[in-house]
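# Descriptive structure summary
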2 protein chains.
Amino acid sequence: MRALVFNNGLHYLTDHPVPTPKQDEALIRVTLAGVCNTDLEITKGYMGFQGVLGHEFVGVVEKCNEKSLIGKRVAGEINIGCGTCSYCQNHMQNHCPNRSVSGILNKEGAFAEFLTLPVSNLHLIPDSISDEEAVFVEPLAAAFEILQQVKILPADKVCVLGDGKLGLLAGQVLSTTGCNLVVAGKHREKLKILEEMGIKTEEIESINPVGAGFKPAPTMGDKGGFFGPNEFDHVVDCTGSSSGIQKALQIVKSRGKIILKTTIAESAAINLNQIVVGEITIIGSRCGPFPTAIKAIAEKKVKLSPLISNIFSLEDGVKAFEYAARKGVLKVLLRII
Amino acid sequence: MRALVFNNGLHYLTDHPVPTPKQDEALIRVTLAGVCNTDLEITKGYMGFQGVLGHEFVGVVEKCNEKSLIGKRVAGEINIGCGTCSYCQNHMQNHCPNRSVSGILNKEGAFAEFLTLPVSNLHLIPDSISDEEAVFVEPLAAAFEILQQVKILPADKVCVLGDGKLGLLAGQVLSTTGCNLVVAGKHREKLKILEEMGIKTEEIESINPVGAGFKPAPTMGDKGGFFGPNEFDHVVDCTGSSSGIQKALQIVKSRGKIILKTTIAESAAINLNQIVVGEITIIGSRCGPFPTAIKAIAEKKVKLSPLISNIFSLEDGVKAFEYAARKGVLKVLLRII
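The structure presented is a predicted model; accordingly, all values stated were derived computationally and were not measured. (Residues numbered from 1 in each chain as written. Chains lettered and ligands numbered in written order. Predicted model: local features only at pLDDT ≥ 70, side-chain atom pairs only at ≥ 80, totals over all residues. Heavy atoms only, no water.)

## What about the overall build of chain A?
The condition is simple: Only DSSP runs of H or I reaching four residues or more are called helices, and only runs of E reaching two or more are called strands; each is numbered from the N terminus. To sort residues, take the accessible area from a 1.4 Å probe on protein chains only and compare it with the maximum for the residue type: under 20% means buried, over 50% means exposed, and anything in between is partly exposed. Residue contacts follow a heavy-atom distance rule, with two residues in contact if any of their heavy atoms lie within 4.5 Å. Note that accessible areas follow from Shrake-Rupley with a 1.4 Å probe, and for residues the cover is restricted to the protein chains shown. None of His or the chain ends enter the tally, which takes Lys and Arg as positive and Asp and Glu as negative. Where a charge sits is defined by one atom per residue type, namely NZ (Lys), CZ (Arg), CG (Asp) or CD (Glu).
When helices and strands are tallied, chain A shows 10 helices and 19 strands. Dimensions of chain A, computed from C-alpha atoms along their principal axes, come out at roughly 60 × 40 × 40 Å. When burial is assessed residue by residue, chain A has 58% of its 337 residues classed as buried. Across chain A, contacts joining residues at least 24 apart in sequence account for 64% of those joining residues at least 6 apart. Summed over all atoms, the accessible surface of chain A reaches about 13500 Å², with 50% contributed by carbon and sulfur. Here chain A contributes 35 positively and 35 negatively charged side chains, and the mean placements of these two sets differ by 2 Å.

Structure, rendered in structure tokens:
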């Protein structure tokens, strides 16, 4: 089959073997897939993964022991637990220590004509959702994980740091709570996507914890002190930078919460005093609930099309990766069929 | 009055002015006070505080507009809020940005014949509690703060890292929950205090995140794997070292919680990936509920006398500080009367 394979470099192959589904798995013909920052990181050596990349996709079930699923359009959860450990038995297969993860860890991914996944990982996509929307189910679920972890009240002041793909999704998800929200980022054109949806944004020069660089842009109106210390009940760090959590610690209220979405290889230097004296809570946040994401898309609670920067054919996958790595680019999709 | 004053060095003075209580304050004649690590840190420049040190005390109300309190034995909460900010109005005066803190920030402390505190900060000490116990109310309350912040279930595996004063108090407090607890520390003689109370301990060579140094002492019996990765539902870091949180991240389960008690000036290098991928929660923890601590002492749920290393007179306060800074020393008390 055709596939985009990482193995001593990224290669488009036409003769990659079609995966064989196990007893509990479905064979899925992939329609459309999304390139995630994690994919870019893997091509730099993250996770040491080799094989077919990709974990954001929509496709059609081709083969499966559960006959009613055949021909159905699905998105798929990417973590496959062992099924027997205490995590799996407590519905936390996302945290199974022996898990495999599509396109990331011990399991081939979605940048190919076919992938396999356990039937229990699949979620039906209703007809009202387009392929271009469905491909966002996985990252949108990750944004909804924030609401699984933290109770956001309408009166809460919430700041999302970062205007990358995840920052824009997190902003939209948090906006559904009716909280007092601001999304802070460095890219006026990305923030504009949210502003057109009525979400308050703040253009900042840099996510610099020293403060001077974090002044509101003068044309953005009077929000004097909005980013002062002790301002926000919740701060969501989607910066992808180690300075994000430092800034978050500066602007979060005492007893406030920081939801950490940034995964980077380098360590961050963190002032423990700030955490203890302010009794701050820091919550790591990863994969989230697919049904919630699908429902939100179906109910038009989020707008995803403005997040698509470009669509490439699978054949042009290597080019797509180069494009996705460019500054200012948001979501890049790969059309498989 | 006699007082131990930090002002370009630590000095015992006999002519320090007796503080004048404000309208809402009581004048308290201090009986016994405890030296805390924070006091030692202040003498090294922490907080830039100058004046009478000390914030752990028991004393007798000498003067007060609320006449029923006069002659009563009390302990006192150390944070004094402004009374008008949103923190104060939400019963979080401990986090008031304009607070003063006895012996730490803009308010003279308890290492003196008298101190003043708002009446609302005072808690009556029942006759069944000795002065030597009552002086532990403040640090014991800080240990009980853990139970305010985190729900500990009997089936939970919990590790306290560190066998200093706070580690030993936290161990006793957590032991009241009936959880599967182990206190890990470097000092056999300190851990012995907990073992004699039936609390499981682990002697470790060092709180070294690299792992090799964190082997159980061979004579402590077979606890193989107790400190492996993904072991503990909750880890309480009382190490006072930046390596504590790194070790905590290694041994906590996915979706587990780290309660951070370590306040140190240096920053800790933290791997954000570990927090995000494991969806770990880190909770800063500081001052706690006095009534809970007083009740626990009155009901003999904690043993405090083994934690007292020495008692000095106020006159010997400078010597007491030198003694308290020695390796292996636990609580040092100052007898004021």
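Here the narrative resumes, following the displayed structure.
## Considering the sheet that holds strand 2 (residues 10–13) of chain B
Residue and element names in this part refer to chain B. Note the threshold: In short, DSSP must find at least two bridges between two strands for them to pair. To define axes, lines are fitted to C-alpha atoms, for helices over the stretch in contact only, and angles between the resulting N-to-C directions are given on a 0 to 180 degree scale.
With respect to topology, 3 strands assemble into an open sheet ordered 2-1-4, the strand pairing being antiparallel. Each having just a single partner strand, strand 2 and strand 4 (51–52) make up the two edges of the open sheet. Of the strand pairs in this sheet, strand 1 (residues 3–6) and strand 4 are connected by 2 bridges, and their pairing is antiparallel. Looking at strand 4, one finds that V5 is bridged to V52. Seen against the sheet, helix 10 (residues 317–324) touches strand 1 and strand 2 and runs at an angle of roughly 145 degrees to strand 2.

## Considering the pairing of strand 18 (residues 308–313) of chain A
Each regular strand carries side chains that alternate between the two faces of the sheet. Here strand 18 of chain A pairs with strand 19 (residues 331–335) of chain A via 5 bridges, running parallel. When the sheet's bridge partners are listed, S313(A) is paired in strand 19 of chain A with R335(A).

## As for the relation of the copies chain B and chain A
As a reminder, the rule being used: Our superposition of the copies is a least-squares fit, built on the C-alpha atoms of residues whose pLDDT is at least 70 in both.
For these two chains of identical sequence, chain B goes onto chain A by a turn of 180 degrees and a shift of 0.0 Å along the axis, with RMSD 0.0 Å. The superposition of one copy onto the other is thereby described by a two-fold rotation axis. The overlap is high: 100% of the interface residues of chain B also sit at the interface in chain A, so the same surface is used on both sides.

## As for the packing of helix 4 (residues 137–149) of chain A against helix 9 (residues 290–298) of chain A
Residues and elements named next belong to chain A. Defined as follows: An angle below 35 degrees is read as roughly parallel, one above 145 as roughly antiparallel, one from 65 to 115 as roughly perpendicular, and any other as oblique. Residues are grouped as follows: nonpolar covers Ala, Val, Leu, Ile, Met, Phe, Trp, Tyr, Cys and Pro; charged covers Asp, Glu, Lys and Arg; every other residue, Gly included, is treated as polar.
At a minimum axis distance of 8 Å, the contact between helix 4 and helix 9 shows a crossing angle of 105 degrees. Looking at the two axes, helix 4 sits roughly perpendicular to helix 9. Contacts between helix 4 and helix 9 involve V137, E138, L140, A141 and F144 on the former and, on the latter, F290, T292, A293, I294, A296 and I297. Class assignment of the residues belonging to the contact of helix 4 with helix 9 gives a composition of 9 nonpolar, 1 polar and 1 charged.

## Some points on the interface of chain B and chain A
Convention followed: By convention, the term buried area covers the 1.4 Å-probe accessible surface removed from two parts as they join, with the contributions of both added. The salt bridge criterion pairs a side-chain nitrogen of Lys or Arg with a carboxyl oxygen of Asp or Glu, the two atoms within 4 Å. Each polar contact in these results corresponds to two N or O atoms within 3.5 Å; when the atoms are within protein, one needs to be able to donate a hydrogen and the other to accept it, and residues that are neighboring in sequence are counted only if both atoms are side-chain atoms.
Across the contact, 40 residues belong to chain B and 40 residues belong to chain A. For the pair chain B and chain A, the summed buried surface comes to about 3300 Å²; carbon and sulfur atoms form 54% of the total. Taken together, chain B and chain A are joined by 2 salt bridges. Salt-bridge contacts for E145(A) lead to R255(B); the nearest nitrogen and oxygen are separated by 3.5 Å. For the pair chain B and chain A, the interface holds 21 residue pairs in polar contact (both at pLDDT 80 or more). Taken together, the elements giving at least two residues each to the side of chain B that touches chain A come down to helix 4 (137–149), strand 15 (252–260), strand 16 (268–271), helix 8 (272–277) and strand 17 (281–284) of chain B.

## Examining helix 5 (residues 165–175) of chain A
Here helix 5 of chain A lies mainly inside the structure; 9 of its 11 residues are buried. Regarding helix 5 of chain A, the residues found buried are K165(A), G167(A), L168(A), L169(A), A170(A), G171(A), Q172(A), V173(A) and L174(A).

## Considering the packing of helix 4 of chain A against helix 5 of chain A
All names here are of chain A. Short version of the rule: In this scheme the handedness of a crossing depends on how the near helix is turned from the far one: anticlockwise by less than a right angle means left-handed, clockwise means right-handed.
The contact between helix 4 and helix 5 brings their axes to 9 Å, and the two run at 50 degrees. Taken together, the axes of helix 4 and helix 5 lie oblique to each other. Read as a crossing pair, helix 4 and helix 5 show a hand that is right-handed. Counting all contacts with helix 4, which are made through P139, L140, A143, F144, I146 and L147, the residues of helix 5 involved are L166, L169, A170, V173 and L174. Taken together, the residues of the contact of helix 4 with helix 5 sort by class into 11 nonpolar, no polar and no charged.

## Re the confidence of the model for chain A
For clarity, the threshold we go by: In predicted models, pLDDT denotes the confidence assigned by the predictor to each residue on a 0 to 100 scale.
For chain A, the average pLDDT comes to 92, and 94% of its residues sit at 70 or higher. Segment residues 210–226 of chain A is flagged for pLDDT under 50; beyond a separation of four residues in sequence, or across chains, it makes 35 contacts in the model.

## What to know about the sheet that holds strand 12 (residues 180–185) of chain A
The 12 strands lie next to each other as 13(A)-12(A)-11(A)-14(A)-15(A)-17(A)-17(B)-15(B)-14(B)-11(B)-12(B)-13(B), forming an open sheet whose pairing is mixed. Pairing within the sheet leaves two strands with one partner each, and these edge strands are strand 13 (201–203) of chain A together with strand 13 (201–203) of chain B. Across the sheet, the axes of successive neighbouring strands diverge by a mean angle of 20 degrees, strand direction being ignored. Direction of pairing for strand 15 (residues 252–260) of chain A relative to strand 17 (residues 281–284) of chain A: parallel, over a ladder of 4 bridges.

## Quick notes on helix 6 (residues 188–195) of chain B
Think of an α-helix as 3.6 residues a turn; residues three or four steps apart then line up on the same face. As a reminder of what qualifies: By construction, the arc corresponds to the directions joining the helix axis to the C-beta atoms.
Every buried residue of helix 6 of chain B is accounted for by K190(B), L191(B), I193(B) and L194(B). Within helix 6 of chain B, the buried residues cover an arc of 140 degrees as seen down the axis, which keeps them to one side.

## Focus: the domain arrangement of chain A
All names here are of chain A. Put simply, the rule reads: Where each domain starts and ends follows an automatic or database-derived domain assignment.
Annotation of chain A at the domain level lists domain 1 (3–136 + 304–335) and domain 2 (143–284). Of note, the centres of domain 1 and domain 2, computed from C-alpha atoms alone, are 29 Å apart. Counting from both sides, the interface comprises 9 residues of domain 1 and, opposite them, 8 residues of domain 2. Buried surface at the junction of domain 1 and domain 2, summed over both partners, amounts to about 840 Å²; 68% is from carbon and sulfur atoms. The interface formed by domain 1 and domain 2 holds 0 salt bridges in total.

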